[in-house]
Amino acid sequence: MSDEESDQQLSDDQKLEIAKWFLTNSPAGEIQYISKDIRSVLMDNDLYNKAASEAFPIYNKNHLISIEMPNRSGDVVVTTFAELSDTEYLDPRTAQVAVVDHVKQVCIDVRPATDDELCSPYIEEFRCDLDAEILKYVGEAYKKGVCSVYCINGKDAEGPGLDFELAVVINASRCSPQNFCNGSWRSIWNIEFKDELQVVELRGKLQVGAHYFEEGNVQLDASHECKDSTIFQSPEDCALSITNIIRHHETEYLSSLEGSYLNLPDTTFKDLRRKLPVTRTLFPWHNTMQISLTRDITKELGIK
């Protein structure tokens, strides 16, 4: 690269895109710290405010952050399933709509949800029973976990005979910046109730993120997708079956992750090495004591 090219200044649009990338890709619980650094680097409040206003909503929805409502009636989960407008998010459990300040990540107002924003009594029975079971499961499985259940299709169905779809979102974050580590578990389950076939089909996406940054910078970003199904039953029986399926798949995935990372030193790290070193002989992992750099150098140089 020539000196002229290296001295070329970035345009405001380029700075904006770079700032947005860093903000939207912040690890769990770290966007507020990164935003301070971005502001100091940009040295342009207007440019920073524009980047933040565009990036924070994306980050908040991707990470399924939960925000406490001012009347202490509960937490609202910021997700596309609950989005009524750019700043309004439905909390179906309390039948309220929270007005959210994305950049500050706080709830600034709350109002009752209208009938049009809520699902029909028939659908609400399925949603409410499932929400109660998922709430119990999350309380047992995740420390400080939050969850919510939404009707995302067919919310106006008044009785049997029509298909509808619910979505379950679960988020459990553990942020400990003073110990240089943050992490989160996020899962989204789309649940289709097919009345004619009398079947309930589930599609799950599980995401795990972790960041450890004491004397280094190590990040984990893993995801897993799965499918399952059960029979269409009463609201209470459906809720139990669906929750058991979710519990099974999430527990299985967590166990597979734990197993994989426990075996990292013996499997993955070794696989990263070349199969044969420059000597064209396998490294004796079973007996590393036979390798002596001092002895080999002495022999090579003929030193006695």
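Owing to the predicted nature of the structure, the values given are computational and were not obtained by experimental measurement.

Trainee: Just to check I follow, could you spell out the layout of surface pockets for this structure?
Mentor: Where empty space is left can be seen by rolling a probe of water-molecule size over the atoms. Here the largest pocket is characterised by a volume of approximately 1300 Å³. In terms of lining, the largest pocket is formed by 46 residues, of which the most central are Ala-172, Ser-173, Arg-174, Gly-183 and Ser-184. Listing elements by their share of the lining of the largest pocket, those giving two or more residues are helix 3 (31-42), strand 1 (66-68), helix 5 (121-141), strand 7 (164-176), strand 8 (181-194), strand 9 (199-212), strand 10 (218-231) and helix 6 (235-262). Of the residues forming the lining of the largest pocket, the biggest block, seven residues, is contributed by helix 6. In terms of residue class, the lining of the largest pocket is made up of 21 nonpolar, 15 polar and ten charged.

Trainee: What is the right way to look at the side chain of Glu-133 in this model?
Mentor: Here Glu-133 lies in helix 5. Setting aside chain neighbours within four positions, we find Glu-133 in contact with Ala-239, Leu-240 and Thr-243.

Trainee: What is the right way to look at the sheet that holds strand 6 (residues 146-153) in this model?
Mentor: Working definition: the strands of a sheet are paired by backbone hydrogen bonds and lie parallel or antiparallel to each other. Strand order across the open sheet formed by five strands is 6-7-8-9-10, with antiparallel pairing between neighbours. Only two strands of the sheet have a single partner each, and these edge strands are strand 6 and strand 10. Pairwise comparison of adjacent strand axes, ignoring direction, gives a mean angle of 15° for this sheet. In the sheet, strand 7 pairs with strand 8 via 13 bridges, with the strands oriented antiparallel. Within strand 8, the residue paired with Leu-166 across the bridge is Ile-191. Strands in contact with helix 5 are strand 6, strand 7 and strand 8; relative to strand 7, the strand with the most contacts, it is inclined by about 25°. Contacts from helix 6 reach strand 7, strand 8, strand 9 and strand 10, with the element oriented near 145° to strand 10.

Trainee: Help me understand a nonpolar patch on the surface, please; the structure alone is not making it clear to me.
Mentor: Together, Leu-10, Ile-18, Trp-21 and Phe-22 line one region of the surface with nonpolar side chains, adding up to about 420 Å² of accessible area. Tracing the chain through its elements places Trp-21 in helix 2 (residues 12-24).

Trainee: Can you walk me through helix 4 (residues 45-62) in this structure?
Mentor: Residue pairs three or four apart in sequence face the same way in an α-helix, which turns once every 3.6 residues. Across its 18 residues, helix 4 extends 25 Å between first and last C-alpha, which sits within 8% of the 26 Å expected from 1.5 Å per residue. Residue Ala-55 marks the point of greatest curvature in helix 4, where the axis turns by about 30°; the proline Pro-57 follows within four residues. Among the residues of helix 4, Leu-47, Tyr-48, Ala-51, Ala-52, Ala-55, Phe-56, Pro-57, Tyr-59 and Asn-60 are the ones counted as buried. Contacts made by the buried residues of helix 4 are with helix 2 and helix 3. Regarding helix 4, its N-cap is Asp-44, as a side-chain oxygen of that residue lies 3.1 Å from the backbone nitrogen of Asp-46 further along. Looking one or two residues beyond helix 4, the residue adopting positive phi is Leu-64, at roughly 50°.

Trainee: What is the right way to read the packing of aromatic side chains from this model?
Mentor: By convention here, two paired aromatic rings are described through the distance between centres and the angle between planes. Scanning the model with the defined rule gives 14 aromatic pairs in all. Both rings, one in Phe-81 and one in Tyr-150, keep their centres 6.4 Å apart while their planes meet at 35°; by these two values the pair is tilted. Here Tyr-150 lies in strand 6 and Phe-81 lies in the loop between strand 2 (75-77) and strand 3 (88-91), a separation of 69 residues in the sequence.

Trainee: Hey, could you run me through the pattern of salt bridges in this one?
Mentor: Two side chains with opposite charge may pair up if their charged atoms get near one another. Following the criterion strictly, the structure yields 13 salt bridges and no others. Between Glu-83 and Lys-61 there is a salt bridge, with the nearest N and O atoms lying 3.1 Å from each other. Taken together, the residues span a long stretch of sequence, with Glu-83 in the loop between strand 2 and strand 3 and Lys-61 in helix 4 at a distance of 22 residues. Taking the relative accessible area as the measure of exposure, Glu-83 reaches 28% and is therefore partly exposed. Lys-136 serves as the salt-bridge partner of Glu-133, at 3.3 Å between the closest nitrogen and oxygen. In this pair, Glu-133 and Lys-136 both sit in helix 5, three residues apart, roughly one turn of the helix. On the basis of relative accessible area, Glu-133 is assigned to the buried category, the value being 18%. What makes Lys-136 partly exposed here is its relative accessible area of 48%.

Trainee: Where do I start with helix 3 in this structure?
Mentor: For helix 3, with twelve residues, the first-to-last C-alpha span of 16 Å sits near the 16 Å given by 1.5 Å per residue. Ile-31, Ile-34, Ser-35, Ile-38 and Leu-42 are the residues of helix 3 that are buried. Each buried residue of helix 3 lies within a common arc of 105° when the element is viewed along its axis, so the set occupies one face. Turning to helix 3, the residues buried within the fold contact helix 2 and helix 4. A positive backbone phi angle near 55° is found at Met-43, which sits one or two residues after helix 3.

Calculation criteria
Residues numbered from 1 in each chain as written. Predicted model: local features only at pLDDT ≥ 70, side-chain atom pairs only at ≥ 80, totals over all residues. Heavy atoms only, no water. 1 Å grid on protein atoms, 1.4 Å probe; cavity = no way out; pocket = protein on both sides within 12 Å on 5 of 7 lines; lining within 4 Å. Points joined across faces, edges and corners; volume = space filled by probe spheres on them. Helix = DSSP H or I, 4+ residues; strand = E, 2+ residues; numbered from the N terminus. Nonpolar A, V, L, I, M, F, W, Y, C, P; charged D, E, K, R; others polar. Contact = heavy atoms within 4.5 Å. Pairing = 2+ DSSP bridges. Axes fitted to C-alpha atoms, helices over the stretch in contact; angles between N-to-C directions. Patch = residues over 30% accessible without salt bridge, like charges linked within 9 Å, V, L, I, M, F, W, Y side chains within 5 Å. Areas by Shrake-Rupley, 256 points an atom, 1.4 Å probe, with all protein chains shown as cover. Salt bridge = Lys/Arg side-chain N within 4 Å of Asp/Glu carboxyl O. Expected span 1.5 Å × (residues − 1). Bend = angle between axes of the 7 residues up to and from the residue. Buried < 20%, exposed > 50% of the residue type's maximum accessible area, 1.4 Å probe, protein only. Polar contact = N/O pair within 3.5 Å; in protein donor to acceptor, adjacent residues only side chain to side chain. Phe/Tyr/Trp six-rings, centres within 6.5 Å; stacked < 30°, edge-to-face > 60°. Arc of directions from axis to C-beta.

Keep in mind that these numbers describe shape and distance, not what the molecule does.
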